[in-house]
Amino acid sequence: MLFASRAVRALVTGTQDDGTKVDDKHEAALGKSYVLAYPAGTYVFKLDPSSLKVGESVFASDPVKCSFDGTRDQTARLSLKLDSESMAKIEAEKEAERQKAEEEAAAAKAAAEQEAAAAAAAVSGGGGGGGGDVTVYITKTGEKFHRDGCQYLKKSQIPISRSNAIAQGYGACSKCNP
């Protein structure tokens, strides 16, 4: 059983017949019965929601209302059930956090690639007036330059002029012959 050795907090609120307000807390082990002495009055027994989360599971308990007349014993039985609404909300929040992290990672990657392309363009003198110089592509880790669409450009593709690629020590790809 998930709660076998776990205690929960029972909350008792109400009003005694003489008008005295009651607001008590009791630790309780699941499956155990407790005798609580309350004078005549009306009380609500419920489990503290903060004690009803175990790992990924969230439980709920409906409150029980009892009126005591002071002459006979009453039994207030509280039962637990899975709170699927709360669990679905927690799962939706986790999924939203995962999506946000993925979007932020994709945006950071795109920004880094744009920054690398801008840096390559700046090194090449802005790409203007190159006398018909052709744009080729380099990768973040490779030593060759490539044509657009080359199979070796799947992970990164940084534009650069052919003359700047050669000036920076890159060699031509033997597959796409740029």
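Residues numbered from 1 in each chain as written. Predicted model: local features only at pLDDT ≥ 70, side-chain atom pairs only at ≥ 80, totals over all residues. Heavy atoms only, no water.

**Quick notes on the overall build of the chain**
Of regular secondary structure, the chain possesses two helices and eleven strands. For the chain, the succession of helices and strands along the chain, N to C, is β-β-β-β-β-β-β-α-β-β-β-α-β. A total of 178 residues make up the chain; the buried ones form 26% of that total. Contacts spanning at least 24 positions in sequence make up 51% of the contacts within the chain whose residues lie at least 6 apart. (Helix = DSSP H or I, 4+ residues; strand = E, 2+ residues; numbered from the N terminus. Buried < 20%, exposed > 50% of the residue type's maximum accessible area, 1.4 Å probe, protein only. Contact = heavy atoms within 4.5 Å.)

**Some remarks on the sheet that holds strand β6 (residues 64–68)**
Note: strands within a sheet are paired through backbone hydrogen bonds, in either parallel or antiparallel orientation. Strand order in the open sheet made by the four strands is β2-β1-β3-β6, with antiparallel pairing throughout. Only two strands of the sheet have a single partner each, and these edge strands are β2 (21–29) and β6. On average, each strand axis in the sheet is inclined to that of its neighbour by 20°, with strand direction left out of account. Where strand β3 (residues 41–47) and β6 come together, five bridges link them in antiparallel fashion. What sits directly across from Phe-45, in β6, is Val-64. (Pairing = 2+ DSSP bridges. Axes fitted to C-alpha atoms, helices over the stretch in contact; angles between N-to-C directions.)

**Section: the pattern of salt bridges**
One pass over the structure, following the stated rule, counts four salt bridges. In this structure, Glu-27 engages Arg-9 in a salt bridge whose closest nitrogen and oxygen atoms are separated by 3.3 Å. Here Glu-27, found in strand β2, pairs with Arg-9, found in strand β1 (residues 7–16); they are 18 residues apart in sequence, far enough to count as distant. Residue Glu-95 pairs with Arg-98 through a salt bridge whose shortest N-O separation is 2.9 Å. Residue Glu-95 and its partner Arg-98 are both found in helix α1 (residues 84–123); the two are separated by three residues, about one turn of the helix. With relative accessibility at 40%, the residue Arg-98 sits in the partly exposed group. Each of Arg-9, Glu-27 and Asp-48 takes part in a single network of salt bridges with overlapping partners. (Salt bridge = Lys/Arg side-chain N within 4 Å of Asp/Glu carboxyl O.)

**Quick look at the packing of aromatic side chains**
Summed over all chains, the structure comprises four aromatic pairs. Residues Tyr-38 and Phe-45 carry aromatic rings whose centres are separated by 6.3 Å and whose planes lie at 80° to one another, so their mutual orientation is edge-to-face. Look at Tyr-38 and you get buried, because its relative accessible area is 15%. Judged by centre distance (5.4 Å) and plane angle (45°), the rings of Tyr-43 and Phe-68 are tilted. Of this pair, Tyr-43 sits in strand β3 while Phe-68 sits in strand β6, and the two are 25 residues apart along the sequence. The class for Tyr-43 is buried, based on a relative accessible area of 0%. Residue classification places Phe-68 among the buried residues on the basis of a relative accessible area of 16%. Ring pairs connect the aromatic residues Tyr-38, Tyr-43, Phe-45 and Phe-68, which therefore count as one cluster. (Phe/Tyr/Trp six-rings, centres within 6.5 Å; stacked < 30°, edge-to-face > 60°.)

**Topic: the pairing of β3**
Side chains Gly-41, Tyr-43, Phe-45 and Leu-47 project from β3 onto a buried face, and the interleaved Thr-42, Val-44 and Lys-46 project onto a face without burial. As judged from the seven bridges shared by β1 and β3, these two strands associate in the antiparallel manner. Counted as the bridge partner of Thr-13 is Val-44 from β3.

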